Amino acid sequence: MARAVNKKRTVMPTQDPHVRARNFNEVALGFTEEDARTEAARCLQCKKRNCVAGCPVEVPIPEFIKEIQNRDYAGAFRTVMGKNLLPAICGRVCPQETQCEAVCTLGKVKDSEPVAIGRLERYIADWGREHAPPDHTACPMGNGVKVAVIGAGPAGLTCAGELARLGYEVTVFEAFHKLGGVLTYGIPEFRLPKAIVQQEVQNLTCVGVRFSLNQVMGKALDVNDLKEKGFKAIFVGVGAGLPVFMKIPGVELNGVLSANEFLTRVNLMKAYEFPRADTMVDIGKRVAVVGGGNVAMDSARTALRLGAEEVMVVYRRSEEEMPARREEYEHAVEEGIRFLFLTNPTKILGDAEGRARAIEVQSMTLGEPDKSGRRKPVVVPGSEKTIDVDLVIMAIGTQANPLFTKVTPGLKLNEWGYIEVNERMQSSLPYLFAGGDIVTGSATVISAMAAGRKAAAAMHEYLQSLKPK
Ligand SMILES: Cc1cc2nc3c(=O)[nH]c(=O)nc-3n(C[C@H](O)[C@H](O)[C@H](O)COP(=O)(O)OP(=O)(O)OC[C@H]3O[C@@H](n4cnc5c(N)ncnc54)[C@H](O)[C@@H]3O)c2cc1C
């Protein structure tokens, strides 16, 4: 190393675990200016920009960190926004540890931790939200060509923003009454405050995007309606929000919810403000969450905050195989969530009123690796036992959302119902492009954004090719 730098990254302050386990306020509190400058000073400003290559939307990371080093916060904010219209969101929820930070040169040095790029992105995005109000006059002149975007998640919103910047008249059609997709209805307030989501998303109106809410496309309007209304190209970013349930006796009982329904009730319908909000969740005393991914962590931590006395995560593999982000798992443990590893539900038992009262589980052991490369869980015979619960939340995955795709003739889907696209995100219908979870299956916010951006560039080329020569 040419110069001495701190080997350890600057710690991000968090709410005390005992306090935060009972409130919905944000867990991570963000860097102070001093923290940000201390962390920015660790960046080596490498010539070979591995971190930029590791970012799916290619944020010029060394540049914005240099600008923080020079206290040019407005410059740093502009640099980030040039590539990422949702930086306060990405700074909070991107799995940086497997992307930009995973390839940071500093992280390769013995005993050194990578630069905390995500925390710096969050710092500068929050600085921008406070000090650099969006410029509503910066809207480009419309070129008169209408484009429809279906779904207002990160894929659709990014695609819409990019196309509007190129001058297209973009309308986003969204089924819910709020924008943001999973950012709004899935990821809980304590990880991603909804005011931040709405503020970043609303910034898109500054580049001229129009929004049409409460439109379940495929039911309200289909592709032919859109074509009749003069839309020349369509981007589909409807996500993969169809819940999957275990095929075991008792899943039909009251008190068995999909994680999607549970989180939507709490985040979108504000069940945590009941009775001030109309929607409630009957949480009971003991909650079992089935699964081991981020969605399971979010569900468990949400259940705790709603007042459950005991929340357990039931996962059929071991701690090592858990797909959840390490940080989310550690936060869950700190807050008092119990983990039942190598345990799988076999039955949900109900009372005379048809309400879930217990789960029967069996112990598992790990066998040979399966197709995913993870060791396959194998049943331990005779290990069944019963655990009393009041609520069971299924967080074992989701599937393609079929509402729009199933009423679109000629649209080629793969065997699981996801839209097939070429490398330009173009579907079997030349005017229809797609990206995000409806193409890849459940993935990440930043990969959905990258797909939206790639599709926008390809749609621009396609629309230019339609112009009379
Ligand atoms: C609980 C949870 C936690 C997660 N945590 C993280 C995390 O920490 N970090 C991370 O990177 N990723 C996380 N993910 C994954 C990430 O959120 C998704 O990969 C990402 O949101 C996908 O974006 P998308 O735009 O493809 O779809 P979505 O975000 O699902 O958005 C699709 C939008 O389309 C709308 N829609 C659907 N059908 C129609 C229709 N017929 N008509 C009109 N609109 C329609 C939906 O209402 C929705 O608004 C999480 C996912 C969940 C569920």
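Nothing here was measured: the structure is a model prediction, and the numbers come from that model.

(A) Structural context of the overall build of the chain. What the chain contains, in helices and strands, is 18 helices and 16 strands. Over its C-alpha atoms the chain spans a radius of gyration of 23 Å, differing by no more than 12% from the 23 Å that the globule rule assigns to 469 residues. Split into buried and exposed, the 469 residues of the chain put 54% on the buried side. A separation of at least 24 residues holds for 70% of the contacts in the chain among residues at least 6 apart in sequence. Charge-centre separation for the chain: the mean point of 59 positive side chains lies 4 Å from the mean point of 55 negative side chains.

(B) Structural context of the site of the ligand. Around the ligand lies a shell of 35 residues, among which V93, E174, R191, M217 and D437 are the nearest. Contacts to the ligand include V93, whose backbone N or O atom sits 2.7 Å from a nitrogen atom. Between an oxygen atom of the ligand and a main-chain N or O atom of A155, the distance comes to 2.9 Å. When the free accessible area of the ligand is taken as 1,000 Å², the share hidden by the protein chains comes to 95%. For the shell around the ligand, the secondary-structure elements that each account for two or more residues are α9 (154-165), α10 (182-185), α14 (294-305) and α18 (445-466). Class assignment for the residues of the shell around the ligand results in 21 nonpolar, 10 polar and 4 charged. Taken domain by domain, the shell around the ligand gets at least three of its residues from each of domain 2 (146-241 + 400-466) and domain 3 (244-398).

(C) Molecular detail of the pairing of strand β14 (residues 391-394). Covered by surrounding structure in β14 are L391 and I393 together with V392 and M394, the residues of both alternating faces. Alignment of strand β6 (residues 256-258) against β14, held across 3 bridges, turns out to be parallel. Bridge pairing links S258 to M394 in β14. Where strand β7 (residues 286-290) meets β14, 4 bridges bridge the pair, whose relative direction is parallel. In the strand pairing of β14, V289 is matched with I393.

(D) Quick peek at the pattern of salt bridges. Under the definition given, this model contains 32 salt bridges. Between D111 and K110 there is a salt bridge; the shortest N-O distance is 3.6 Å. The class of K110 is exposed, set by a relative accessible area of 65%. Taking the shortest distance from any N to any O, the salt bridge between E420 and K412 comes out at 3.7 Å. Residues participating in the shared-partner salt-bridge network are R20, R191, D298, R301, R305, E328, E334 and E335.

(E) Spatial organisation of the sheet that holds strand β9 (residues 338-340). Sheet architecture is open: 5 strands sit in the order β6-β14-β7-β8-β9, paired in parallel fashion. Single-partner strands in this sheet number two, and they are β6 and β9. Sheet twist, expressed as the average angle between the axes of neighbouring strands with direction ignored, equals 25 degrees. As judged from the 3 bridges shared by strand β8 (residues 310-314) and β9, these two strands associate in the parallel manner. What sits directly across from M312, in β9, is R338. Across the sheet, helix α13 (residues 259-267) is in contact with β6 and β14; its angle to β6 comes to roughly 80 degrees.

(F) Quick peek at the environment of R92. Among the structural elements, R92 can be located in helix α6 (residues 87-93). Expressed as a C-alpha distance, the spacing of R92 and S258, which sit 166 residues apart in the sequence, is 25 Å. Other than its neighbours up to four places away in sequence, R92 contacts E26, R122, D126, R129, R191, L192, P193, I196 and R325. A distance of 3.0 Å separates the side chain of R92 from the backbone oxygen of A88, its partner in a polar contact.

(G) Spotlight on the side chain of N344. Turning to its location among the elements, N344 is positioned in strand β10 (residues 343-350). In this view, N344 contacts M246, V314, R316, E360, V361, Q362 and M364; residues no more than four positions away in its chain are not counted.

(H) Unusual backbone geometry, seen in detail. Although it is not a glycine, Q45 sits at a positive phi angle of roughly 50 degrees. Along the chain, Q45 falls in the loop between α2 (33-40) and α3 (50-53). Judged by relative accessible area, Q45 falls into the partly exposed class, the value being 28%. Positive phi, normally seen in glycine, also occurs at M425, with a value near 65 degrees. Accessibility expressed as a relative area gives 9% for M425, which makes it buried.

(I) How the structure looks around the packing of aromatic side chains. Enumeration over the complete set of coordinates arrives at 10 aromatic pairs. The ring of F231 carries the charged tip of K146 above its face, separated from the ring centre by 4.6 Å. Over the ring of F190 we find R305; its NZ or CZ atom is 3.8 Å from the centre of that ring.

(J) Layout of the state of the cysteines. As enumerated under the stated definition, the model contains 0 disulfides in all. A disulfide-free cysteine, C51 has its sulfur positioned 6.5 Å from the sulfur of C43, the nearest such atom. Residue C51 is classed as buried on the basis of its relative accessible area, which comes to 12%. Here C55 is not cross-linked by a disulfide; its sulfur's nearest cysteine counterpart is in C100, at 6.2 Å.

Conventions we followed
- Along each chain, residue indices are assigned from 1 in the same order as the chain's sequence is written.
- The model is predicted, so local features are restricted to residues of pLDDT at least 70 and side-chain atom pairs to those at 80 or more, both for listing and for counting; the totals for chains, interfaces and linings are taken over all residues.
- To get the side-chain values, all heavy atoms of the structure are used, and hydrogens and water are removed first.
- A helix here means a DSSP run of H or I that spans at least four residues, while a strand means a run of E at least two residues long, and both kinds are numbered starting from the N terminus.
- Two things to know: the radius of gyration comes from C-alpha atoms, and the globule rule equals 2.2 Å times the number of residues to the power 0.38.
- Relative accessible area decides the class of each residue, using a 1.4 Å probe on protein chains only: under 20% of the type maximum gives buried, over 50% gives exposed, and in between gives partly exposed.
- When checking whether two residues touch, look at their non-hydrogen atoms; a contact exists if any pair is within 4.5 Å.
- Note on charges: Lys and Arg go in the positive column, Asp and Glu in the negative column, and His and the chain ends are not counted at all.
- Think of each charge as sitting on NZ of Lys, CZ of Arg, CG of Asp or CD of Glu.
- Consider each residue's heavy atoms; a residue with any of them within 4 Å of a molecule or strand counts as near.
- Contacts described as polar in this section are N or O atom pairs within 3.5 Å, which, within protein, must combine one atom able to donate a hydrogen with one able to accept it, while residues neighboring in sequence count only if both atoms come from side chains.
- Only the protein chains shown count as cover for residues, with accessible areas throughout obtained via the Shrake-Rupley method and a probe of 1.4 Å.
- Residue polarity follows a fixed list, in which Ala, Val, Leu, Ile, Met, Phe, Trp, Tyr, Cys and Pro are nonpolar, Asp, Glu, Lys and Arg are charged, and the others, Gly among them, are polar.
- Domain start and stop points were drawn from an automatic or database domain assignment.
- Think of it this way: DSSP has to see at least two bridges between two strands before they count as a pair.
- The working definition used for a salt bridge is a side-chain nitrogen of Lys or Arg within 4 Å of a carboxyl oxygen of Asp or Glu.
- Between the N-to-C directions of two axes lies an angle of 0 to 180 degrees, each axis being a line fitted to C-alpha atoms and, for a helix, fitted only over the stretch in contact.
- Two rings from Phe, Tyr or Trp (for Trp, the six-membered ring) form a pair when their centres sit within 6.5 Å of each other. Planes less than 30 degrees apart are called stacked, planes more than 60 degrees apart edge-to-face, and all others tilted.
- Both a distance and an angle decide whether a charge sits over a ring: NZ of Lys or CZ of Arg must be within 6 Å of the ring centre and within 35 degrees of the ring normal.
- Disulfide: a pair of cysteine sulfur atoms within 2.5 Å of each other.

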